[in-house]
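Overview (structure and organization)
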Amino acid sequence: KSDNEIRRAGMSKPDVMSFDSIELGVPPEDRHAWVTVREARTKSIRSLKTRSATRADLSKAHARARSMRGFKNEHGRSLQLHAPLKELGRAGTGVELFFRTLRWLFIVLLVATALGCISLADNIGYNTDVSNPLMRTTIGACCKESAQELRSHSIPWFITFLLFLLFLYYLRYKQREVAHSVDKLYITTGDYSVEVRNLPLRTNEAALSQFFEQYGEVAHVQIGFRCSGYVRMFERWKKCEVELKETRTHNALILEQGTGATSEGFEAAALLETLQAEMKELEVSMAHLKDVELISCGVAFVIFETETGRRGCLKAHLHNPWQRFRECVGGAVQPRFADLVAVALTVVPAPEPSNVFWENLEVGPMEVQKRSLGTLLIAAALCGISFVLLLLLSRDRDRQIAELEATSTSLAQRDLALMSLQIALLAAVVVTAANAILKNLIKNLTVLEGHNTKSDFEESFFVKLSLSYVVNQSLLILVVSPSPDTWFESGGVYEQAFVIVVANSFIPEILKVVRLDSLFKRLVRGPFVKSQAKLEKLWQPPEASLGSFYAGLMKTLALGLIYAPAMPIIWFVTAGTIVVKYWATKYALLRVCRQPPTLDEGLSEVFRELLSYLLIGSVILEGVVLDSRLGDETTDTGRLNIGILSGRGHLALPFSAGVLWLVYKVAPLHRLSCLANYVDNHSDDTGGKKFSSLPKLARYHCPISQPVPSLATPTTRQKVAAQMKVPTKKVGWFPNVFGHNSDPLIVIT
């Protein structure tokens, strides 16, 4: 390039090497031409540097996404896939309990699979005349000759039932143990904090701090204010900020290319002005809400300096049943007494700061229950649509079977088998598609219910999604074909159930690891992004929903417990699914998704309760199947004459299983110390450390009590923050209140 520039200047090449030293060999009369060449080259270099700075850097976005995903140890490094499960307790007891539950379930299912081999061998031996090889593995036509064979067939199932019942006891014991070990291993803000409810509306933080000083030194007090509108404005402001950076970068590139006078340049400039005007309007509205409409929700969070003060406060305010009833019935109604001593305060252990939905503190419990009922009704309507589709498939199957049975040729029999497989595949497609729609719909509706904490949200989401999964995937195909005699036919209930079980074993786990929504954002939308801020937002790791993981586990167990007793081959698929689910979920949490919020053992307790109801459902279905296999015309030499079992001795084991289940539900197990729910009220897990000596612990910050965001430059923001002695990045600072990891442009006004 230097030779070309010299030739364009009309001079000979001096005996020099660098561009800067060329000017030394230029005669004075030609120096102006060389200065022009150098200025042109410098301008070109600066243009290239500016363009590289304004364009989005994919490597930076990838590095930022890598730093946000997974779990980090005490040194800030990502955990390995083979890391011990106690390391996952950093995200709370719920995550560690989920993986330990998968391990214990795998052991139970291995024993169930071994017992199922006995029934499987009997089924294959008896069903030699069945043409469909899959239906040959079911109880099918076997055991119709003797009730004694039927009773011996139910023995492996009864032992499996006892295993699952013992697993429920063991899970209850381990919940307390794991919760205690996690609480002792990791020091969190919750170890020093209490949540105060039923507060008078006119109470301020100073009076609240003075009141709780009687139990110990108070480090921090934060009252929850009504801020749902403020949070919505802030979320909109954040979106506008990203779009503003994107528009500015796009506008700079247009001006750099010299096409600013085109329609594209005018549109970019107009959009830039619109976004700035909208952001300023949002700032004014947020400032108005902050200064005028600061109304308390009757909820506050108090952080004590030591854990001893927290324990003393909790012991002084025991949460009795009458207070629970009054809180549930009273909703959001708060007393109007100025003296805290005259108010029956409700003091409970506080959730972690990252676990609080500040915008939902103003929603009362009764309102949440009403919205939850609406969510269940909408989910039931969607399950009804799935039922109609399955019913149409069932009627079409019956019609085609009647047509093919009219011709008894070998070709018709082959067409019958092919048609049955097609019907089973279509049923699996309908059920899988309905499950995907149910998951997204229920999640969005549960967000609108207004739960106060993320733990409550995950529990509610898990219960609704699990019920929808069980009804849509396990029960609807039984309701469509109510006659047990048709369940074991080709294309019947059990063939459809087997196809659904196989599809459930790998499709959800693949989608858990390969997040299609994230891939679409990164690979399809990412190349068209101009600014670094928007590219980093598109590359953000997806959120991990522990409630969704538990619901998927419940769906797998429902299929196994309901259909495996009559079709033992399903035990093999269910045990393999648990292994795949363990590693797929662990990979998704450590390598794909962001770390979930800190959750307690409440989600595992709800899972245990729902699993117990699945057990009684398995008992009922087993009784129906056994009773349908023994017709009234069959001679039963072992008939019993014991009350309701008179003449039905083959139902003795299902009846015994129902009695044992009833004992499990009625027995007051919570009174045993080893099976009681864990409550952190007695031990000192912090080792006497003070809260102020642990700067990494987050504090409670209500969004509306924080500074209003502004369009100030980063330099101005840092200067103002330094003057106010507020760190620009700190755990619990304004961005973390809403779950954002980016550092927004904020100035204290």
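Procedures and definitions
- Residues numbered from 1 in each chain as written.
- Predicted model: local features only at pLDDT ≥ 70, side-chain atom pairs only at ≥ 80, totals over all residues.
- Heavy atoms only, no water.
- Pairing = 2+ DSSP bridges.
- Helix = DSSP H or I, 4+ residues; strand = E, 2+ residues; numbered from the N terminus.
- Axes fitted to C-alpha atoms, helices over the stretch in contact; angles between N-to-C directions.
- Contact = heavy atoms within 4.5 Å.
- Patch = residues over 30% accessible without salt bridge, like charges linked within 9 Å, V, L, I, M, F, W, Y side chains within 5 Å.
- Areas by Shrake-Rupley, 256 points an atom, 1.4 Å probe, with all protein chains shown as cover.
- Salt bridge = Lys/Arg side-chain N within 4 Å of Asp/Glu carboxyl O.
- Lys, Arg positive; Asp, Glu negative; His and termini not counted.
- Charge placed at Lys NZ, Arg CZ, Asp CG, Glu CD.
- Core = buried A, V, L, I, M, F, W, Y, C linked by side-chain atoms within 4.5 Å.
- Buried < 20%, exposed > 50% of the residue type's maximum accessible area, 1.4 Å probe, protein only.
- Expected span 1.5 Å × (residues − 1).
- Bend = angle between axes of the 7 residues up to and from the residue.
- Disulfide = S-S within 2.5 Å.
- 1 Å grid on protein atoms, 1.4 Å probe; cavity = no way out; pocket = protein on both sides within 12 Å on 5 of 7 lines; lining within 4 Å.
- Points joined across faces, edges and corners; volume = space filled by probe spheres on them.
- Nonpolar A, V, L, I, M, F, W, Y, C, P; charged D, E, K, R; others polar.
- Parallel < 35°, antiparallel > 145°, perpendicular 65-115°, else oblique.
- Left-handed = near helix turned anticlockwise from the far one by under 90°.

As a further point, take the sheet that holds strand E3 (residues 296-304). Spatially, four strands are ordered E2-E3-E1-E4 in an open sheet, and the strand pairing comes out antiparallel. Each edge of the open sheet is held by one strand with a lone partner, namely strand E2 (218-225) and strand E4 (346-349). Here the strands of the sheet are splayed against their neighbours by 25° on average, with no regard to which way each runs. Relative to E3, E2 runs antiparallel, the two being bridged by seven bridges. Each bridged residue has a counterpart across the sheet, and for phenylalanine 225 the counterpart in E3 is serine 296. Of the strands in this sheet, strand E1 (193-197), E2, E3 and E4 are in contact with helix H7 (residues 205-212), which crosses E2 at around 135°. Packed onto the sheet, helix H10 (residues 307-316) meets E1, E3 and E4 and runs at close to 135° relative to E4.

A few words on a positive patch on the surface. A cluster of like positive charges, contributed by Lys239, Lys521, Arg525 and Lys537, occupies part of the molecular surface. Along the polypeptide, arginine 525 turns up in helix H16 (residues 516-525).

So, on to the nonpolar core. In terms of nonpolar packing, the biggest core is built from 104 residues, with Phe99, Leu390, Tyr494, Tyr563, Phe607 and Leu611 touching the most fellow members. Residues within four places of phenylalanine 99 in sequence aside, it is in contact with Leu85, Leu88, Tyr582, Thr585, Lys586 and Leu589. Residues Val196, Phe234, Cys297 and Tyr700 belong to the second largest nonpolar core, which totals 45 residues.

Taking 1.5 Å of rise per residue, the 34 residues of helix H5 (residues 93-126) would be expected to cover 50 Å, and the 48 Å separating its terminal C-alpha atoms lies within 8% of that figure. Most pronounced at cysteine 117, the bend in H5 amounts to some 25°.

A few words on unusual backbone geometry. For residues that are not glycine, phi is negative in most cases, and the peptide bond is trans in most cases. Look at asparagine 198: it is not a glycine, yet its phi comes out positive at around 65°. Relative to the assigned elements, asparagine 198 resides in the loop between E1 and H7.

In this structure the tally under the stated criterion is 15 salt bridges. Lysine 464 serves as the salt-bridge partner of glutamate 449, at 3.4 Å between the closest nitrogen and oxygen. Of the two residues, glutamate 449 sits in the loop between helix H13 (410-447) and helix H14 (454-480) while lysine 464 sits in helix H14, which places them 15 residues apart along the sequence. Judged by relative accessible area, which is 0%, glutamate 449 ranks as buried. For lysine 464, a relative accessible area of 6% translates into the label buried. In this structure, the salt-bridge partner of glutamate 609 is lysine 665, at a minimum N-O distance of 2.7 Å. With glutamate 609 in helix H20 (residues 602-629) and lysine 665 in helix H21 (residues 652-666), this residue pair connects regions lying 56 residues apart in the sequence. Counted as one network, the salt bridges with shared partners bring together Glu509, Lys512 and Lys581.

All chains considered together, the criterion is met by zero disulfides. Cysteine 227 takes part in no disulfide bond, and the closest cysteine sulfur to it belongs to cysteine 702, at a distance of 4.1 Å. For cysteine 227, a relative accessible area of 1% translates into the label buried.

The residue leucine 599 is located in the loop between helix H19 (569-592) and H20 in this model. Linking leucine 599 and threonine 453, residues 146 residues apart in sequence, is a C-alpha distance of 9.6 Å. Not counting residues up to four positions away in its chain, the partners in contact with leucine 599 are Ala91, Gly92, Thr93, Gly94, Asn355, Lys454, Ser455, Glu458 and Leu546.

Another point: empty space enclosed by the protein. Evaluation of the coordinates by the stated rule reveals nine cavities of 30 Å³ or more. Put simply, the largest cavity is a space of about 90 Å³. Lining the largest cavity, in full, are Ala112, Leu115, Gly116, Ser119, Pro156, Trp157, Thr160, Ala564, Pro565, Pro568 and Trp571. Those elements giving two or more residues to the lining of the largest cavity turn out to be H5 and helix H6 (147-185). Residue contributions to the lining of the largest cavity peak at four residues, all from H5. Class assignment for the residues of the lining of the largest cavity results in eight nonpolar, three polar and no charged.

All right, on to the packing of H14 against helix H18 (residues 546-563) then. Where H14 meets H18, the axes come as close as 8 Å, and the angle between the chain directions of the two elements is 30°. Between H14 and H18, the angle is such that the two are roughly parallel. Crossing hand, H14 versus H18: right-handed. The segment H14 lies against H18, with Glu458, Phe461, Phe462, Leu465, Ser466, Tyr469, Val470, Gln473, Ser474, Leu475, Ile477 and Leu478 engaging Leu546, Gly547, Ser548, Tyr550, Ala551, Gly552, Met554, Lys555, Ala558, Leu559, Ile562 and Tyr563.

Moving on: helix H9 (residues 263-292). Over its 30 residues, H9 runs 43 Å from end to end, which matches the ideal 44 Å to within 8%, given 1.5 Å per residue. Among all positions of H9, only Gly265, Ala268, Leu272, Leu275, Met279, Leu282, Glu283, Met286 and Leu289 are buried. The elements touched by buried residues of H9 are helix H8 (228-256).

Once that is clear, we can look at a nonpolar patch on the surface. A cluster of nonpolar side chains, namely Val502, Phe506, Ile507, Ile510, Leu511, Val514, Leu516, Leu519, Phe520, Leu523 and Val524, defines an oily patch on the protein surface of about 940 Å² accessible area. Elements with a minimum of two residues in the nonpolar patch: helix H15 (493-513) and H16. Inspection of the secondary structure assignment puts leucine 511 in helix H15. Judged by relative accessible area, leucine 511 falls into the partly exposed class, the value being 44%.

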